[in-house]
Amino acid sequence: MSADDYQKLPTFMQEISSQCQDHKKKFELYCSFHACPCCVQCVTDKHKMCQEMKPLSDILQQVKSSASVQLFEKDLKIVKENIDTAIKYLQTRITTTDTQKTEAIEGIRYMRKSIDDYLNKLEQDLLNDLESKHLKLRFNMATLVQQMEQRASQINQIQSQFSETTRYTTELQRFIALREIEKITSQTTKYIDDLESGDHFIEKNLEVHFSSALQSFLQDVNSFGIININTTTSSLKMKAGRKDQAQHLIPKVPGVEQIKPSLLTRLTIQKDIESLNINACLILPDGKFIILDSNKKQLLLFRNDGIFIRKVVTFTEHPFDGCLVMNNTMAVGLGVVNHQTVLVDVNRSKIIQTIQLSHNCFGVASDCKNLVISDSYSKCTTVNLNDMSHTILEGMRGVFHISLFQGNIYGTNIINGEVCCFKATGEPLWTFQHLDIARPRGLTLDKYGFVYIASAGNNSILVVSPDGKICKTILSDADGIKHPDALYINRETGLMIVSSDISGEKNEKSYQTCFVYKV
């Protein structure tokens, strides 16, 4: 091969060496987990925990026997065509999104104009009513004033002429005149008394009382609307390529007997927050940890290394369970008092929505599209997170803690010591009981569908096979697990967090914390 031809090779090919750059030894093994060749010393330094180590010669034989230049050339062509198709599709979607934005703006402005027009009409109706009532009230009082002024004029005239009447008239004239004055005075007095005994002198004040709906609008309406990004099935059609054959081997689903958690870290609980009652513990997408403390009705956030960061939010009711619904948004079930579940924005430390239900709110679980809330007695409610519509599922009796996986609902029955699996419609699929399962509390599932259970009655964490037939204890009190209540697995990273009691130092009282494992 000429030097010129060699220089035309891709850079990554030119840089490939048959020796380990770290240890200057020949590659002899291949790590399937990290997808890289290794020398003998690499195994000791970096791959102690890797179980899928194979002879490199076996892998190279697979390459020779399963791939050819023609097939890879075809693969490259298909990939290039798929990329071009995807770019064209996304450009179309950008145009569509721009159009949707324009339509949304028009809709927002139309809604604003409709509200303004309607409020203007209501305002004018109120002003017209005010004008009508004011005119009527004013007319009645003006008419009464006019009548009283006529009588006052008559009295004034008599009063001004009274001295002349008594001085210059004869005895007879004076007698008759006084009788007439007495009559007029009596009539006027009776007229005033009649007015006073009626409602003519009652103070009638004009007042305006605004609509309670309008006042609540000013208090309760915090936004003009919500912008949602609704997902639908993609219309993009890609050409099918070959399945990976060389380095990317088909992943092998482990059996129950192969599941062995390894401890990574433990949350550091400060003295001022030691009196915890952990009802839920979660791993956020960025690797931080969050726990739900029902004792002080709060959410607490911890760093990736287990160090406490801050309190996220405090609830008015005792929280029972929590789950992630999307990104850094949590759903928290608030038990039995108000039949409410709330959505919490962890980054903003704020409750952003309250979901009102017709039953208790105990276990909560979500798959980012739906939120399922159990009442522990006989039913659950499924909430569509796009339109917030509710569907009640009957017959799920005794299920406290729940989890979702591939459309099915999984739950624990504390009283019967059962693990149950239901369809999304609430129909039972299987129920599993085992002597090692005692007072099961929280549960979660890994990416393969194995069910992990916190067995509080015997201080252990168990795993049940996806078909609900095989059970194995993977952590016990020998591993420091005491009274576990909550657990959660991040299916992408394979990290598991488990709540547990732990003894305090120097004979101090025990407190709750969480252990983090790799499974």
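Residues numbered from 1 in each chain as written. Predicted model: local features only at pLDDT ≥ 70, side-chain atom pairs only at ≥ 80, totals over all residues. Heavy atoms only, no water.

Chemist: In this structure, what is going on with the sheet that holds strand β22 (residues 451-455)? I would like to understand it.
Modeler: The strands making up a sheet associate through backbone hydrogen bonding, with each pair oriented either parallel or antiparallel. Overall, antiparallel pairing links the four strands, which are arranged β21-β22-β23-β24 in an open sheet. Unpaired on one side and paired on the other, β21 (440-445) and β24 (471-475) mark the two borders of the sheet. When the angles between neighbouring strand axes are averaged without regard to direction, this sheet yields 30 degrees. When β21 meets β22, the two strands line up antiparallel, connected through four bridges. For P440, the partnering residue across the bridge sits in β22 and is S455. (Pairing = 2+ DSSP bridges. Helix = DSSP H or I, 4+ residues; strand = E, 2+ residues; numbered from the N terminus. Axes fitted to C-alpha atoms, helices over the stretch in contact; angles between N-to-C directions.)

Chemist: What is the right way to read the environment of D485 from this model?
Modeler: Structurally, D485 is set in the loop between β24 and β25 (487-490). In sequence terms D485 and C20 are 465 residues apart; their C-alpha atoms lie 47 Å from each other. Residues within four places of D485 in sequence aside, it is in contact with I278, N279, H401, R441, G442, A454 and S499. (Contact = heavy atoms within 4.5 Å.)

Chemist: What should I look at first to understand the state of the cysteines in this one?
Modeler: Each disulfide consists of one covalent bond between the sulfur atoms belonging to two cysteines. Within the structure shown, the criterion is met by zero disulfides. C42 supplies the cysteine sulfur nearest to C39, a cysteine that is in no disulfide, at a spacing of 3.4 Å. Using a relative accessible area of 0% as the deciding quantity, one classes C39 as buried. Here C368 is not disulfide-linked; the sulfur of C323 is the nearest cysteine sulfur, at 9.2 Å. (Disulfide = S-S within 2.5 Å. Buried < 20%, exposed > 50% of the residue type's maximum accessible area, 1.4 Å probe, protein only.)

Chemist: Help me understand the packing of aromatic side chains, please; the structure alone is not making it clear to me.
Modeler: Ring pairs (aromatic) are described by centroid distance and by the angle formed between their planes. Inspection of the entire model under this criterion finds six aromatic pairs. The interplanar angle of 65 degrees and the centroid separation of 6.1 Å between the aromatic rings of Y410 and W430 together place this pair among those described as edge-to-face. Of this pair, Y410 sits in strand β18 (residues 408-413) while W430 sits in strand β20 (residues 428-433), and the two are 20 residues apart along the sequence. Overall, W430 belongs to the buried group, its relative accessible area being 16%. Measuring from ring centre to ring centre gives 6.4 Å for F515 and Y517, while their planes differ by 50 degrees; the resulting arrangement is tilted. You'll find F515 and Y517 in the same group, each marked buried. Grouped by ring-pair contacts, the aromatic residues F320, F362 and F400 constitute a single cluster. The residue whose ring lies beneath R151 is Y191, and the NZ or CZ to ring-centre distance is 4.0 Å. (Phe/Tyr/Trp six-rings, centres within 6.5 Å; stacked < 30°, edge-to-face > 60°. Lys NZ or Arg CZ within 6 Å of the ring centre and 35° of its normal.)

Chemist: How should unusual backbone geometry be read in this particular structure?
Modeler: Most peptide bonds are trans, and most residues other than glycine sit at a negative phi. At R439, a position not held by glycine, the phi torsion is positive, near 45 degrees. Although it is not a glycine, H483 adopts a positive phi angle of roughly 50 degrees. Inspection of the secondary structure puts H483 in the loop between β24 and β25.

Chemist: Quick question: what am I supposed to make of the environment of E81 here?
Modeler: If you trace the backbone, E81 turns up in helix α5 (residues 69-168). In this structure E81 comes out as partly exposed when scored by relative accessible area, which is 26%. Note: C-alpha distance between E81 and L60 (21 residues apart in sequence) is 29 Å.

Chemist: It is not clear to me how the sheet that holds strand β15 (residues 379-384) should be interpreted in this structure. Could you clarify?
Modeler: If you walk across this open sheet you meet the four strands as β13-β14-β15-β16, and the pairing is antiparallel. Edge positions in the open sheet fall to β13 (364-366) and β16 (390-394), since each of these has one partner strand only. Between one strand and the next, the sheet's axes are offset by a mean angle of 20 degrees, whatever the strand orientation. Two strands pair when backbone bridges link them, and β15 and β16 are joined in this way by five bridges, in the antiparallel orientation. Paired with V383 across the two strands is H390, which belongs to β16.

Chemist: Just to check I follow, could you spell out a nonpolar patch on the surface for this structure?
Modeler: Together, Y118, L119, L122, L126, V208, F210, L214, F217, L218 and V221 give the surface a local cluster of nonpolar side chains, amounting to about 930 Å² of exposed area. Every element with two or more residues in the nonpolar patch is listed here: α5 and α7 (212-220). In terms of residue count, the dominant contributor to the nonpolar patch is α5 (four residues). As for its placement among the helices and strands, Y118 is situated in helix α5. (Patch = residues over 30% accessible without salt bridge, like charges linked within 9 Å, V, L, I, M, F, W, Y side chains within 5 Å. Areas by Shrake-Rupley, 256 points an atom, 1.4 Å probe, with all protein chains shown as cover. Salt bridge = Lys/Arg side-chain N within 4 Å of Asp/Glu carboxyl O.)

Chemist: Could you clarify how one ought to interpret the confidence of the model for the chain in this entry?
Modeler: As a note on interpretation, predicted positions should not be read in detail where pLDDT is low. Model confidence for the chain is summarised by a mean pLDDT of 87, while 94% of its residues fall at 70 or above. With pLDDT under 50 throughout, residues 245-250 is counted as low confidence; its partners more than four residues away or in other chains account for nine contacts. (pLDDT = per-residue confidence, 0-100.)

Chemist: Even after reading the chapter, I still don't get the pattern of salt bridges, so can you show me in this structure?
Modeler: When the charged atoms of two side chains lie near each other, side chains of opposite charge can form a pair. Tallying each qualifying case throughout the model produces 12 salt bridges. For K8, the salt bridge goes to D5, with nearest N and O atoms at 3.9 Å. Classification of D5 as partly exposed rests on a relative accessible area of 39%. Note that D84 is salt-bridged to K80, the shortest N-O span being 2.8 Å. Of this pair, D84 and K80 both sit in helix α5, separated by four residues, roughly a single helical turn. Among the residues examined, D84 registers a relative accessible area of 36% and is labelled partly exposed. The exposure class of K80 is partly exposed, given its relative accessible area of 47%.

Chemist: Explain the nonpolar core to me, please; I cannot follow it from the model alone.
Modeler: A general tendency of soluble globular proteins is for nonpolar side chains to be buried together. In this structure, I290, I291, L299, F302, F315, V332 and I497 are the most contacted members of the largest nonpolar core, which totals 37 residues. Elements with a contribution of two residues or more to this core: β5 (278-283), β6 (289-293), β7 (298-302), β8 (308-314), β10 (329-333), β11 (340-345), β26 (495-502) and β27 (511-518). Per element, the largest residue contribution to this core is five residues, and it comes from β5. If sequence neighbours within four positions are ignored, I291 has contacts with L267, L276, I278, A280, C281, Q298, L299, L300, F302 and C514. Within the second largest apolar cluster, 16 residues are counted, among which are I259, A454, I481 and Y517. (Core = buried A, V, L, I, M, F, W, Y, C linked by side-chain atoms within 4.5 Å.)

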